Amino acid sequence: MAITIAMFVGFVRGKLSIEIVSLLTIAVIAVGLYFFPIGDAAPTDGLALAFSGFGHYALITICALMVMGRGLVVTGALEPAARFLERVFKINLQLGLLVSLLIAFILSMGVNNTPVLVLLMPIFVVLAARGAMPASKTLMPLNSASLLGGMATTIGTSTNILVVSIAVDLGMPRMGVFHFTPIVLLASLVALPYLWLVMPRLLGDNRVEREDSVRRFETRLRIGEDSELIGKNASEILPLLPEDIRFEDEPLGHVTQQQRLRVSGTHQGIEDAMRTLKGEIAPTWVMDRIRRQSDETSQDIVVMEMTVTADSRLISRSLSTTGIADRYGVAILGIHRPTRVMGKADQYDAAGDLLMAEGDVLLVMGLPNDLQDFAHKDSLLILDGARELPRRSKAPLAGGIMLGSVLLASFGFLPIAISALAGAILMFLTGCVKFDRVGRALSGQVIVLVAASIAIGRIILESGAAAWLGELLSLGLHFLPPAAILAAIMLFVTVLTNFASNATAATVGTPIAFSIAQQLGLPPEPMILAVLFGCNLSYATPIAYQTNMLIMSEGGYEFNDYVRTGVPLVILMITTLSILLVLAYGM
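What you are looking at is a predicted structure, and each value in this text was computed from that prediction instead of being measured.

What counts and how
- Residues numbered from 1 in each chain as written.
- Predicted model: local features only at pLDDT ≥ 70, side-chain atom pairs only at ≥ 80, totals over all residues.
- Heavy atoms only, no water.
- Helix = DSSP H or I, 4+ residues; strand = E, 2+ residues; numbered from the N terminus.
- Buried < 20%, exposed > 50% of the residue type's maximum accessible area, 1.4 Å probe, protein only.
- Contact = heavy atoms within 4.5 Å.
- Areas by Shrake-Rupley, 256 points an atom, 1.4 Å probe, with all protein chains shown as cover.
- Core = buried A, V, L, I, M, F, W, Y, C linked by side-chain atoms within 4.5 Å.
- Arc of directions from axis to C-beta.
- Pairing = 2+ DSSP bridges.
- Phe/Tyr/Trp six-rings, centres within 6.5 Å; stacked < 30°, edge-to-face > 60°.
- Axes fitted to C-alpha atoms, helices over the stretch in contact; angles between N-to-C directions.
- Parallel < 35°, antiparallel > 145°, perpendicular 65-115°, else oblique.
- Left-handed = near helix turned anticlockwise from the far one by under 90°.

Novice: Is there a simple way to think about the overall build of the chain in this case?
Specialist: The number of helices and strands found in the chain is 25 helices and 8 strands. Each of the 587 residues in the chain was classed as buried or not, and the buried ones make up 53%. Counting contacts in the chain only where the partners sit at least 6 residues apart, residues at least 24 apart contribute 78% of the total. Total accessible area on the chain stands at roughly 25700 Å², and carbon and sulfur atoms take up 63% of it.

Structural data, given as structure tokens:
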């Protein structure tokens with residue numbers, strides 16, 4: 001218990017990083033159990049316990065899910081779903097969040113909440129990049145909603161199944177799938193407004209503001225032959241375009257095929273406009289050649305930003321006169337002109353194309369080696385913020401792999417660890433995720449935190465600390481009313497869940513609750529449900545449940561974020577569920 005408390009204090013104080021606190025915890029357990037073994041254990045058994053987390057199925061599952069989530073992002077498989085939710089968020093941010101919370105809640109009632117969150121999390125990361133609510137304000141409410149939905153049925157989480165199975169072994173009748181669903185639905189009427197309206201306000205905006213996110217690039221957008229906008233005028237087109245796109249020269253009359261529209265916008269806005277207008281912002285033959293070379297060499301297409309220096313030959317030239325595509329095989333997608341307080345006004349050639357000047361930022365697409373060659377020979381400075389374009393040809397494959405893994409785990413054909421690991425392997429074999437990009441998918445912070453939490457859970461159970469706490473709890477319950485007894489059991493199990501593991505809480509708490517019910521002459525079923533509900537109230541620490549750790553890196557969360565938002569939710573749920581159990585069972 002002392003080690004658990006010390007780790008908690010280290011996380012809350014925040015003077016050391018989460019990785020350092022986690023590694024120190026593992027080291028203290030390893031050294032302590034080597035010199036002071038538990039019971040008849042050998043000194044080396046303590047080392048095995050301390051480092052067992054690094055090979056635990058929970059950690060393997062989380063890493064595999066991260067890899068599959070990366071596959072969905074880099075292939076663009078989530079873009080259709082992201083665009084749909086983006087439209088909902090554009091109507092109203094609060095409405096979009098409420099719809100998302102309800103989707104997560106309902107899906108988690110029948111499907112294990114871990115794959116539900118894995119499916120939804122990358123979508124909200126993409127939405128944040130598109131200008132919707134920041135991921136730090138949506139992922140934690142979304143995770144809490146999925147945990148809340150998982151509590152509603154006996155198949156919602158593996159912990160529910162474990163508690164019900166232990167209760168059957170103790171002589172209780174088996175509960176049906178929806179045996180306690182009405183109680184959870186009523187409690188959700190209290191919890192969901194908190195997740196929707198309060199929790200996002202308790203979370204900061206952890207987005208890293210990048211300079212390239214506010215740059216506007218001027219470009220020429222060619223209307224495709226099959227565009228639905230042919231024959232429309234500018235006033236009819238503007239409402240269909242992304243909000244940050246504007247015409248630099250508003251077209252007169254109706255738009256015709258192959259017409260080149262001079263527009264400006266962010267990189268993401270220009271890409272969205274290309275999909276809407278079914279057009280290109282670089283010559284078709286250049287784009288086709290880049291894509292063909294990418295397929296032949298198995299290299300990713302990259303978009304980089306480059307600054308024109310004073311020595312560049314591009315100064316005072318327009319894109320059409322530079323011959324860049326022929327020389328280097330790259331395509332310039334747009335030009336950003338920084339604001340100048342003094343100096344020459346913008347200059348254009350006879351065709352109306354902008355002439356480049358020192359300090360302009362070019363948005364360039366191509367293969368990595370070609371881009372490096374272009375920057376070196378034409379005296380350009382490569383800026384930070386290069387990104388790979390989604391491998392959209394593999395999007396259906398990545399989506400199918402993820403869906404197959406989720407369904408296999410959801411319907412019980414395979415454990416989540418096996419289905420997720422198989423899905424990650426298929427992502428590698430099919431090229432949806434490349435081996436040299438794995439480091440971008442995995443979070444070292446999450447890995448050491450999971451390993452430390454598993455070691456803590458084992459030492460609490462094997463040292464007898466959990467059993468001692470249970471016996472201590474039973475001594476003080478004789479004089480309390482039924483609602484307070486239920487609340488005390490739920491609180492005890494919740495503490496175990498948030499600092500050890502929900503499996504430990506279920507294993508220790510279920511027999512204790514059954515024994516207390518017999519000693520006090522109370523019906524055992526509400527006591528067992530108090531344990532089941534407490535095992536699911538894993539909101540207050542990142543180590544409480546694997547999805548808590550899964551969202552940690554994507555949301556940029558710190559330990560205090562979980563405490564600040566989770567503790568009020570735990571108090572709210574314990575109070576509500578205790579009252580509902582008393583009313584439902586007439587205690």
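Having seen the model, we can carry on.
Novice: Any chance you could explain the nonpolar core here in plain terms?
Specialist: Nonpolar side chains tend to gather and get buried jointly when the protein is soluble and globular. If you look at the biggest cluster of nonpolar residues, it comprises 97 residues, and the most contacted ones within it are I489 and F533. In contact with F533, not counting residues within four places along its chain, are M151, F180, I183, V184, M490, L577 and L581. Membership of the second largest hydrophobic core comes to 29 residues, among which are A234, V263, I290 and L383.

Novice: Where do I start with helix α15 (residues 368-377) in this structure?
Specialist: Because an α-helix completes one turn every 3.6 residues, residues spaced three or four positions apart along the sequence face the same direction. The set of residues buried in α15 consists of L371, F374 and A375. For α15, the angular spread of the buried residues around the axis is 95°, confining them to a single face. Looking at α15, the residues exposed on the side facing more than 90 degrees away from the buried face are N369, H376 and K377. Just beyond α15, the residue with positive phi is S379, at close to 55°.

Novice: What is the right way to look at the pairing of strand β4 (residues 302-308) in this model?
Specialist: Burial analysis of β4 places 7 of its 7 residues in the buried class, which makes it a mostly covered element. By the alternation rule, side chains of β4 split into V302, M304, M306 and V308 and V303, E305 and T307, which are all buried. Bridging between β4 and strand β6 (residues 361-366) involves 6 bridges; their strand directions are antiparallel. Considered in β6, the bridge of M304 is made with V364. Inspection of the sheet shows β4 paired to strand β7 (residues 380-382) by 3 bridges, in the antiparallel sense. Counterpart to V308 in the pairing with β7 is L380.

Novice: Teacher, can you tell me more about the packing of aromatic side chains here?
Specialist: Describing an aromatic ring pair means giving the distance of the ring centres and the angle of the ring planes. Summed over the entire model, instances satisfying the criterion amount to 3 aromatic pairs. Arranged with centres 5.2 Å apart and planes meeting at 50°, the rings of Y328 and F374 form a pair that is tilted. In this pair, Y328 sits in helix α14 (residues 324-328) while F374 sits in helix α15, placing the two residues 46 residues apart along the sequence. Here Y328 and F374 have matching classes, each one buried. When the ring of Y557 is compared with that of Y562, the centres are 5.9 Å apart and the planes differ by 75°; the resulting orientation is edge-to-face. Owing to a relative accessible area of 1%, Y562 belongs among the buried residues under this scheme.

Novice: For this particular structure, what's the right way to read the packing of helix α21 (residues 482-499) against helix α25 (residues 559-585)?
Specialist: If you want to describe how two helices pack, look at the angle between their axes and the distance between the axes. Axis separation between α21 and α25 bottoms out at 9 Å; the angle between their running directions is 140°. As judged from the angle between their axes, α21 and α25 are oblique. By crossing handedness, the relation of α21 to α25 is classed as right-handed. Here P482, A483, L486, A487, M490, L491 and T494 of α21 come into contact with α25, specifically with V570, I574, L577, S578, L581 and V582.

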